[in-house]
Amino acid sequence: MDEEHPRNEPVRCLSSADNDDVKADLELKDRGETGGEPDAHNKLEVVLSPDCSHRRKSSLVMANDPGKRPALDPPDEKTACFVHSLIAGEWIDPTNKAKVVPDALQVPQEDAVLVDEHSVDDDVITVSDLGDLRTKQTQKVVQSRHLTKKQLSDMAWNVRKLSKKLDSIKLKLSVKNVFLVTKKGDDFVVGYTRKVTQWLLSDDRDGKYVVYVEKRLEDDPEFDAAQLLKEEPAAQGRLKFWDTDFVSEKAHIFDFVITLGGDGTVLYTSWLFQHVVPPVLSFSLGSLGFLTKFDFNNYQRTLESSFKEGVAVSLRLRFECTIMRSNPLPKESAGARRDLVEELIGEEAEDTLTHKPDKVIQILNDVVLDRGPNPTMSSIELFGDDEHFTTLLADGVCIATPTGSTAYNLAAGGSLCHPDNPVILVTAICAHTLSFRPIILPDTIVLRMGVPYDARTSSWASFDGRQRIELHPGDYVTVSASRYPFANVLPKGRSGNDWVHSISKTLNWNSRQRQKSLK
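The model shown is predicted, which means the values in this text are computed figures rather than measured ones.

**Student:** Can you break down the overall build of the chain residue by residue, with the values?
**Tutor:** Helix and strand counts for the chain come out as 13 helices and 24 strands. Here the chain holds 519 residues, and the buried ones make up 55% of them. For the chain, the proportion of contacts with a sequence separation of at least 24, taken over those separated by at least 6, is 77%. With an accessible surface of roughly 23600 Å², the chain has 49% of that area assigned to carbon and sulfur atoms.

**Student:** So, helix 10 (residues 299–309): which residues are in play, and what are the values?
**Tutor:** Residues of helix 10 that are buried include every one of Tyr299, Thr302, Leu303, Ser305, Ser306 and Phe307, and no others. Against the buried residues of helix 10 lie strand 6 (177–182), helix 6 (187–201), strand 9 (256–261) and strand 10 (280–284). Positive backbone phi, at 100 degrees, marks Gly310, one or two positions downstream of helix 10.

**Student:** Can you tell me about the pairing of strand 9, naming the residues and giving the values?
**Tutor:** Counting buried positions along strand 9 gives 6 out of 6 residues, so the element sits mostly inside the fold. Across the two faces of strand 9 the burial is the same, with Phe256, Ile258 and Leu260 and Val257, Thr259 and Gly261 all buried. Bridge analysis of strand 6 against strand 9 gives 5 bridges, and the strand direction is parallel. Its bridge partner lying in strand 9, Phe179 is registered against Val257. For the segment spanning strand 9, helix 9 (residues 263–272) and strand 10, crossover handedness is right-handed.

**Student:** I'd like a rundown of helix 9, residues and numbers included.
**Tutor:** Residues three or four positions apart in an α-helix share a direction because the helix packs 3.6 residues into each turn. Of all 10 residues in helix 9, 8 are buried, a share of seventy percent or more. Considered for burial, the residues of helix 9 that qualify are Asp263, Thr265, Val266, Leu267, Tyr268, Thr269, Ser270 and Leu272.

**Student:** Account for the nonpolar core, with residues named and values stated.
**Tutor:** Core analysis: the biggest nonpolar cluster contains 40 residues, and Leu200, Phe256, Ile258, Phe283 and Leu303 have the highest contact counts within it. At 6 residues, helix 6 tops the list of elements feeding residues into this core. When neighbours within four sequence positions are excluded, Phe256 is seen to be in contact with Leu173, Val175, Asn177, Val178, Phe179, Pro278, Pro279, Leu281, Ser306, Phe307, Val311 and Val489. Of all hydrophobic cores here, the second largest spans 35 residues; its members include Ala394, Val451, Ala455 and Ala461.

**Student:** Break down the sheet that holds strand 19 (residues 439–442) for me, with residues and values.
**Tutor:** If you walk across this open sheet you meet the 6 strands as 19-18-17-14-21-22, and the pairing is antiparallel. Two strands in the sheet have a free side with no partner beyond their single neighbour: strand 19 and strand 22 (466–471). On average, each strand axis in the sheet is tilted by 20 degrees relative to the strand beside it, whichever way the strands run. Bridge count for strand 14 (residues 366–370) against strand 21 (residues 459–463) is 4 bridges, and the pairing is antiparallel. What sits directly across from Leu369, in strand 21, is Ala461.

Rules and cut-offs
Residues numbered from 1 in each chain as written. Predicted model: local features only at pLDDT ≥ 70, side-chain atom pairs only at ≥ 80, totals over all residues. Heavy atoms only, no water. Helix = DSSP H or I, 4+ residues; strand = E, 2+ residues; numbered from the N terminus. Buried < 20%, exposed > 50% of the residue type's maximum accessible area, 1.4 Å probe, protein only. Contact = heavy atoms within 4.5 Å. Areas by Shrake-Rupley, 256 points an atom, 1.4 Å probe, with all protein chains shown as cover. Pairing = 2+ DSSP bridges. Right-handed = clockwise from strand over helix to strand, strands pointing away. Core = buried A, V, L, I, M, F, W, Y, C linked by side-chain atoms within 4.5 Å. Axes fitted to C-alpha atoms, helices over the stretch in contact; angles between N-to-C directions.

By themselves, these are just geometric observations and shouldn't be taken as functional.
Written out as structure tokens, the structure is:
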């Protein structure tokens with residue numbers, strides 16, 4: 001595929017299309033029947049094999065009994081994001097090896113695909129914009145912690161493979177709904193948001209974009225929505241406002257995301273989109289610039305080029321974190337001494353669950369367990385799959401993605417890690433031992449960190465610096481690679497190779513006076 005598609009060669013893909021005919025077209029191309037690499041389809045395919053070589057404990061278990069395996073969720077029929085349709089659309093039902101395609105996606109042939117056969121060659125895929133033809137059927141979602149070792153490995157490997165291919169080509173998106181995220185507490189950025197909004201809504205644009213802006217700006221005098229609509233009469237009905245509830249319910253309608261701020265604004269965007277993440281283009285208007293690669297001074301040219309010529313996308317690894325709460329013992333066992341290590345890696349009684357899931361959160365940077373307001377240090381049990389790693393006595397522990405290696409992980413003494421590395425970084429915060437060192441683990445591990453039952457105090461978990469949740473003795477958090485990576489738009493002619501430059505510029509890495517030569 002890399003030889004067939006040199007870097008930045010346009011591949012025209014329009015969003016909001018994910019139906020049988022489109023998938024068939026993609027499959028033919030990947031199988032080489034339209035000139036592609038013969039085995040590319042197999043490389044993109046994520047197969048959830050029913051084989052399970054071991055049993056995970058405490059609600060992570062997929063028992064060998066097929067009747068106890070959770071049903072697989074079908075491809076996300078609500079997504080308008082073409083990038084994510086490539087990921088979700090390749091999942092296969094292991095029971096019959098057939099594609100899981102909801103009836104809602106069986107649209108008429110004349111409405112499904114609009115392809116000009118004379119303009120399509122071996123390097124071009126054209127997909128029509130179907131609009132919002134998806135239904136909102138609720139499906140049971142399989143969490144990463146439920147996957148076997150092989151399933152989790154296959155999923156992570158295929159997401160990385162897809163990311164490598166997307167990094168080498170351009171996606172030309174049919175953009176209709178544009179989502180704007182603005183840095184909070186900065187009036188200058190609000191003014192910049194107004195400029196971008198007015199430019200997008202202008203009659204001079206080729207497309208009639210619908211622009212969604214945060215609801216708090218509707219009455220902001222610096223944004224002045226009423227005056228903006230007076231200046232752009234053609235924008236009536238195309239300027240809309242969002243809040244967090246609206247995003248959680250309607251995340252599937254957005255085709256493109258623009259952030260105005262720093263890395264914190266990008267993290268906030270990741271938190272807003274807990275499942276599907278549309279391509280995110282980030283303008284640098286903050287104090288950090290690891291994730292914000294675009295200069296706002298050129299915003300008109302940047303957006304014009306992105307919409308007309310296409311974008312290169314890098315898929316950043318995210319973690320799926322699940323809060324697991326300890327279930328009380330039955331009355332006949334009340335008062336018995338409980339051991340978290342035994343409950344998580346020991347044999348589990350039939351039909352007995354020691355823990356239950358409470359909340360699932362997708363993170364881009366890190367999850368941190370710390371002592372919170374408690375005056376004493378935390379006691380934390382650390383597990384990887386079915387193995388107890390160690391008991392950690394410290395102020396806390398930071399579990400970071402490669403993207404988050406330059407955040408809390410860096411401050412705690414952890415290793416810097418290139419974002420393309422498929423790893424999990426574990427760094428103690430002020431450990432009360434001299435021997436504990438940062439650990440780098442593969443992203444195919446399901447990591448668990450919990451508060452032992454005999455701990456003196458509770459601990460607190462935070463996710464990308466948000467949603468601080470108290471963990472009582474017996475509770476724990478699972479961390480595993482997420483099915484939903486963060487689609488980060490790359491600057492023209494550049495890829496993730498400028499990471500070292502960002503380190504040097506932002507952190508003054510290894511900067512010192514040069515040593516004088518000897519005469």
